Amino acid sequence: MLQNDSDCDKAKTIYNNTAVKSRYELLKSHTRDAQETGYGFKVISANGITTTQTEPLNPDTVSPDRMRILLQPSSFGYVHTHIEKAQPKLAVKIFSPADINTFLAYLHNAKQNNTSLGNIFGGLLAEEYNGSGTEFFIYQLQYNGDGTDLPPELTEEQKEEFRTEYIRKAQEMVTDDVAISHYNLQKLFFHFIKKINLKDCALFKIKNGIRKKITLDEDGDPKEETCA
């Protein structure tokens, strides 16, 4: 059990933001759409009152597995689905290199506009079959650095290179048409977060309101610890 963990506290605050939580709920009805669905969030201040404004994110015109992000000076995060796939059964339900790059774009945007990098987050909602029915889970990515060593955003060549590797590695993890385990999904994520050289990040899995922080153990394997 994690005690007094600031990353866990931040994960709870982000998840419980009324605008964010409501969109997570709404995404549950879109995991079987033909294209990904997503929402971006920004802060609006007027007459001394600060609120969160939500904007739908448009699906990419080329790929159903991508979202088009429109950043504003006060943008601080986004949530989206990873959709179910019928044939072959290969739905990779963890942040892709493109998702990590989107998160990185949010960080650079916040740094450029002198807003808090600690508030930046990315969210991913997907579904899984638990043996008796469908359940939903969330992966949430946060940042706890100061922005001094942010890597540059990926070039188009890097995006394509990493996308190809991401698909190949995911395919290698599929056995007997069984969905990729969370353990392997998390290994895939940490592999690419290292290749992109994005440090000072915290990854969470949220299911049924329970938050679990995911880190690497001394052997470099993912481990989950439940937040207090």
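The structure we're discussing is the one just above.
Report on the accompanying structure. As the structure is a computational prediction, the values presented were derived from the model and not from experiment.

1. Regarding the pairing of strand S7 (residues 201–207)
- Burial analysis of S7 places five of its seven residues in the buried class, which makes it a mostly covered element.
- Where strand S6 (residues 134–143) and S7 come together, six bridges link them in antiparallel fashion. Bridge pairing in S7 links Tyr139 to Lys205.
- Note: S7 against strand S8 (residues 210–216), five bridges, orientation antiparallel. Bridge pairing links Leu203 to Ile214 in S8.
- Two successive antiparallel strands, S7 and S8, enclose a turn made up of two residues, where Asn208 displays a positive phi of approximately 55°.

2. Considerations on the nonpolar core
- Core analysis: the largest hydrophobic core is formed by 49 residues, its most contacted members being Phe95, Phe189 and Leu198.
- When neighbours within four sequence positions are excluded, Phe189 is seen to be in contact with Ile94, Phe95, Ile100, Leu141 and Leu203.
- Counting residues in hydrophobic clusters, the runner-up holds five residues, among them Cys8, Ala11, Ala202 and Cys227.

3. Side note on the packing of aromatic side chains
- Under the criterion given, the structure shown has ten aromatic pairs.
- Ring centres 6.0 Å apart and planes at 35° place the aromatic pair Tyr15 and Tyr24 in the tilted group.
- By relative accessible area, Tyr15 is classed as buried at 13%.
- Owing to a relative accessible area of 1%, Tyr24 belongs among the buried residues under this scheme.
- Aromatic pair Phe76 and Phe121: ring centres 6.1 Å apart, planes at 45°, arrangement tilted. With Phe76 in strand S4 (residues 75–81) and Phe121 in strand S5 (residues 121–129), this pair connects stretches of sequence that are 45 residues apart.
- The exposure class of Phe121 is buried, given its relative accessible area of 0%.
- Looking at Arg23, its charged tip hangs above the ring of Tyr39, at a distance of 5.4 Å from the centre.

Reading the values: the criteria
Residues numbered from 1 in each chain as written. Predicted model: local features only at pLDDT ≥ 70, side-chain atom pairs only at ≥ 80, totals over all residues. Heavy atoms only, no water. Buried < 20%, exposed > 50% of the residue type's maximum accessible area, 1.4 Å probe, protein only. Helix = DSSP H or I, 4+ residues; strand = E, 2+ residues; numbered from the N terminus. Pairing = 2+ DSSP bridges. Core = buried A, V, L, I, M, F, W, Y, C linked by side-chain atoms within 4.5 Å. Contact = heavy atoms within 4.5 Å. Phe/Tyr/Trp six-rings, centres within 6.5 Å; stacked < 30°, edge-to-face > 60°. Lys NZ or Arg CZ within 6 Å of the ring centre and 35° of its normal.

Purely geometric numbers; function is a separate question.
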